[in-house]
Amino acid sequence: HECESVWTVDVCGDIIVTGGNDGCVKLWDLNKRIKQGKGIRAFVVPKDPDPPIIPTSSEGTITPEATTSQPRKKQNKKPKLSGQLICGMELYEGHKLVVATRAGGIFSLDLKLDTWTHHKCWHDNVISSEDKSKLQIDPSTGTCLSVNPSTAKYAIVGTTEEWLVVCSLDSSSDLDDQYSNAFRCHTHRPVQSISWIDDVNIVVFYARGSVIWFKMEEKPVPL
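Predicted model only: the values in this text are computed from it and were never measured.

The rules behind the values
- Residues numbered from 1 in each chain as written.
- Predicted model: local features only at pLDDT ≥ 70, side-chain atom pairs only at ≥ 80, totals over all residues.
- Heavy atoms only, no water.
- Pairing = 2+ DSSP bridges.
- Helix = DSSP H or I, 4+ residues; strand = E, 2+ residues; numbered from the N terminus.
- Axes fitted to C-alpha atoms, helices over the stretch in contact; angles between N-to-C directions.
- Core = buried A, V, L, I, M, F, W, Y, C linked by side-chain atoms within 4.5 Å.
- Buried < 20%, exposed > 50% of the residue type's maximum accessible area, 1.4 Å probe, protein only.

Looking at the sheet that holds strand β8 (residues 115-118)
Then, number 1: Strand order in the open sheet formed by 4 strands is β5-β6-β7-β8, with antiparallel pairing between adjacent strands. On the outer flanks of this sheet lie β5 (86-92) and β8, each paired with one strand and no other. Direction aside, neighbouring strands of the sheet carry axes that sit 20° apart on average.
Then, number 2: Pairing of β5 with strand β6 (residues 96-101), which is carried by 6 bridges, proceeds in the antiparallel orientation. Of the residues in β6, the one forming a bridge with Y92 is K96.

Encoded structure:
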């Protein structure tokens, strides 16, 4: 990866998948790598959807202090990477990969066809499973992703604000206006990883060692 850090890693059999903040996913085939010195495939994640433009009343205003203040010294900033930051991904069925980004995008890649599919943004139209209130989820808080092991029709994205967002992996455009559900356990700690025990039970690992078991019902509750 041509980036400062690798954010997420997943393993499925002899395949290792890595994703970084360069917007690139790499697949490492250990058998081919050991026997032939090859076996690395790289895929660039599709461009994230454009964020909504929110006008502010302070734009375009100039105060007297702004015109008389001393100019700031230029700071040497690191060049921004052209790719987006991948916050979570998972390989399933041996040839399908789901990727979530910190701009809200969620995509799936068919490794046999080398084709990407766009899904509804994981942070859009989210309601709380607790009281059905609408939530404003900041996509830059995304930390991890896990796909339902049986149907693979939905995934769960964890955030630094302890929310667990259930997002559909259906590619139908009719889902754009539908709501996703989110739930949490009030630990006030970031979600670090999510593991499925079976189709209806998940284990969530939080920062500072907290581990909580949830049963996936209409209103998921910790056990």
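Some remarks on the nonpolar core
Then, number 1: Judged by nonpolar contacts, the single largest core of 19 residues is most densely connected at V98, I106, W122, L145 and V147.
Then, number 2: Judged by nonpolar contacts, the second largest core, of 15 residues, contains C144, V191, F214 and M216.

Here's the deal with the pairing of strand β2 (residues 15-20)
Then, number 1: Counting buried positions along β2 gives 5 out of 6 residues, so the element sits mostly inside the fold.
Then, number 2: As paired elements, β2 and strand β3 (residues 24-29) share 5 bridges and run antiparallel to each other. Residue pairing for β3: G19 is matched across the bridge by V25.
Then, number 3: As consecutive antiparallel partners, β2 and β3 are separated by 3 residues, and within that stretch G23 has a phi angle of approximately 70°, a positive value.

Things to note about the environment of C121
Then, number 1: Summarising the element assignment, C121 is placed in the loop between β8 and β9 (126-128).
Then, number 2: With 16 residues separating them along the chain, C121 and G105 place their C-alpha atoms 5.0 Å apart.

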